[in-house]
Amino acid sequence: MPEVRIEINSALAEDTPIICDTEQKTARDIFLLQSGKPIETFALIGNKIGTSHIMNIPQELYANSLCEIILVNGFHFKCTPATKILMYNQGYKSVKDIVDGDKVTVLRYTHDGPGGVDAVDIKSHDIETSALKKPV
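Scoring rules and cut-offs
Here the residue index of a chain counts from 1 through its sequence in written order. Local features are withheld for residues below a pLDDT of 70 in this predicted model, meaning they are given only at 70 or higher, and side-chain atom pairs are given and counted only at 80 or more; totals for whole chains, interfaces and linings count all residues. Working from all heavy atoms in the structure, the side-chain values ignore hydrogens and water. Strands are runs of DSSP state E lasting at least 2 residues, helices are runs of H or I lasting at least 4, and numbering of each runs from the N terminus. We call a residue buried when its accessible area falls under 20% of the maximum for its residue type, exposed when it is over 50%, and partly exposed in between, using a 1.4 Å probe and counting protein chains only. A pair of strands is considered paired only if DSSP assigns at least 2 bridges between the two. Here a pair means two rings of Phe, Tyr or Trp (six-membered ring of Trp) with centres within 6.5 Å. Their orientation is stacked below 30 degrees between planes, edge-to-face above 60, and tilted elsewhere.

S.K.: Would you mind showing me how to read the environment of L107 here?
M.R.: By the element assignment, L107 lies in strand 9 (residues 103–110). Taking the relative accessible area as the measure of exposure, L107 reaches 31% and is therefore partly exposed. Separated by 12 residues in sequence, L107 and A119 have C-alpha atoms that sit 9.1 Å apart.

S.K.: Whenever I open this one, the pairing of strand 2 (residues 23–26) confuses me. Can you help?
M.R.: For a regular strand, side-chain orientation follows a simple rule: the groups alternate between the two sheet faces. For strand 1 (residues 17–20) and strand 2, the ladder comprises four bridges, and the chain directions are antiparallel. Bridging from a neighbouring strand, I19 pairs with Q24 of strand 2. In textbook terms, the turn of a hairpin is the stretch between consecutive antiparallel strands, and for strand 1 and strand 2 this stretch comprises two residues, one of which, D21, has a positive phi near 55 degrees.

S.K.: Quick question: what am I supposed to make of the packing of aromatic side chains here?
M.R.: The way to describe two aromatic rings as a pair is by their centre distance and the angle between their planes. Using the criterion set out here, one finds one aromatic pair in the structure. Ring centres of F75 and F77 lie 5.9 Å apart, and the angle between their planes is 40 degrees; this geometry places the pair in the tilted category. Of the residues examined, F77 reaches a relative accessible area of 11% and is grouped as buried.

In structure tokens form, the structure reads like this:
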């Protein structure tokens, strides 16, 4: 029987926090709890922050290489190395191509909702590979 190989180009680790409506969920929460209806979130639309929707997460997959991004403000997340994030004044870049001195564009969120964007320094960006695959 032929082997079917799936390559994951872009995915967030299951414990990645995501703001949905007025509460914080994880990527795994959204995968497990989605009911088929769009989930409201915030996004950068052009140069402005607006509401957007997560339509669905079709399948839970597993990856054995994850990159951990730690920002100087303490926020951190894990994603696959090919995941593209919005860099400050550089457009989108794969996390595997991040170099020292790069800054990430971060949405500023207050109790009143989204409040603009900030340029935040990256403290570290390490790719870890393990024999055991992790959900993304």
